[in-house]
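Listed below are the residues making up each chain.
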Amino acid sequence: QGWPYNWFTRSNIGGHLGGELKRAGYDGLVVIGASNTPVRILIRDDDVSILPADELWGQDSIAVIESLEATEGKGARSLAIGPAGERLSRIATIQTATSSACGMGGFGAVMGAKKLKAITVLGAGQVSIADRKRLAELTKAVANETRGARDGRRGIKALNERLASEGNGEARVYSCTESCPSPCGVYYRHMPGCVYKERTYDGQWACVGTLFQGSKG
């Protein structure tokens, strides 16, 4: 709901959680009710658990996502909120990666009101494709259409040369959403922190502004 007027809203999210949820056998997830104490939801195919999350409460969302992958295993995909969501901020986001978030509508506060710190999914199944040839054709067409305006490959060599000279990690092109044929983002690894200088960070940087330029074709 919005403020000062009540209305229903929505927000979309990139990353890999949608694909992982589908491989676990689900088309969607509805969370009803609220907990009195911090909890997290863990989905492993047909096995769905509600677990305590007291140790995660108060942590920022990126730290939570990294912690849950370390706990549940490589490939675990999570939605998580940070302190803003816990405090019911109207602009709180839900993160699933460093740059993939439900950024509109204050949905982080919705999870915070439920005391729901995170949702983690691991799916072992596969998604059947009705027409593989047609899907491949459409994917190639989309890639060709978007490459002129949004291709992140341009300048990646020079960027890595600069990072190497500065001693600040490395970069590669990256698609912000699973299976997207348009790698419009840049993924950085082993980058030093600005505030927490004792650690390095991995994550994506993307700007959707180039989308509005349209295709050069």
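Right above here is the structure, for reference.
Residues numbered from 1 in each chain as written. Predicted model: local features only at pLDDT ≥ 70, side-chain atom pairs only at ≥ 80, totals over all residues. Heavy atoms only, no water.

(A) Structural detail: helix H2 (residues 61–72). Its 12 residues give H2 an end-to-end C-alpha distance of 16 Å, which sits within 8% of 16 Å, the value for a rise of 1.5 Å per residue. By the burial criterion, the buried members of H2 are Ser61, Val64, Ile65, Leu68 and Glu72. Taken down its axis, H2 places every buried residue within 100° of arc, on the same side. Elements in contact with the buried residues of H2: strand S1 (39–44), strand S3 (77–80), strand S4 (94–95) and strand S6 (116–122). Among the residues of H2, the N-terminal cap falls to aspartate 60, whose side-chain oxygen and the backbone nitrogen of isoleucine 62 are separated by 3.1 Å. (Helix = DSSP H or I, 4+ residues; strand = E, 2+ residues; numbered from the N terminus. Expected span 1.5 Å × (residues − 1). Buried < 20%, exposed > 50% of the residue type's maximum accessible area, 1.4 Å probe, protein only. Arc of directions from axis to C-beta. Contact = heavy atoms within 4.5 Å. Polar contact = N/O pair within 3.5 Å; in protein donor to acceptor, adjacent residues only side chain to side chain.)

(B) Up close: the packing of aromatic side chains. Applying the stated criterion across every chain, the model contains 1 aromatic pair. Aromatic pair tyrosine 174 and tyrosine 187: ring centres 4.8 Å apart, planes at 40°, arrangement tilted. Of this pair, tyrosine 174 sits in strand S7 (residues 170–174) while tyrosine 187 sits in strand S8 (residues 185–192), placing them 13 residues apart in sequence. Each member of the pair, tyrosine 174 as well as tyrosine 187, is classed as buried. Lysine 117 extends its terminal NZ or CZ atom over the ring of tryptophan 57, reaching a point 5.7 Å from the ring centre. Its guanidinium or amino end placed over the ring of tyrosine 187, arginine 172 lies 4.9 Å from that ring's centre, counting from NZ or CZ. (Phe/Tyr/Trp six-rings, centres within 6.5 Å; stacked < 30°, edge-to-face > 60°. Lys NZ or Arg CZ within 6 Å of the ring centre and 35° of its normal.)

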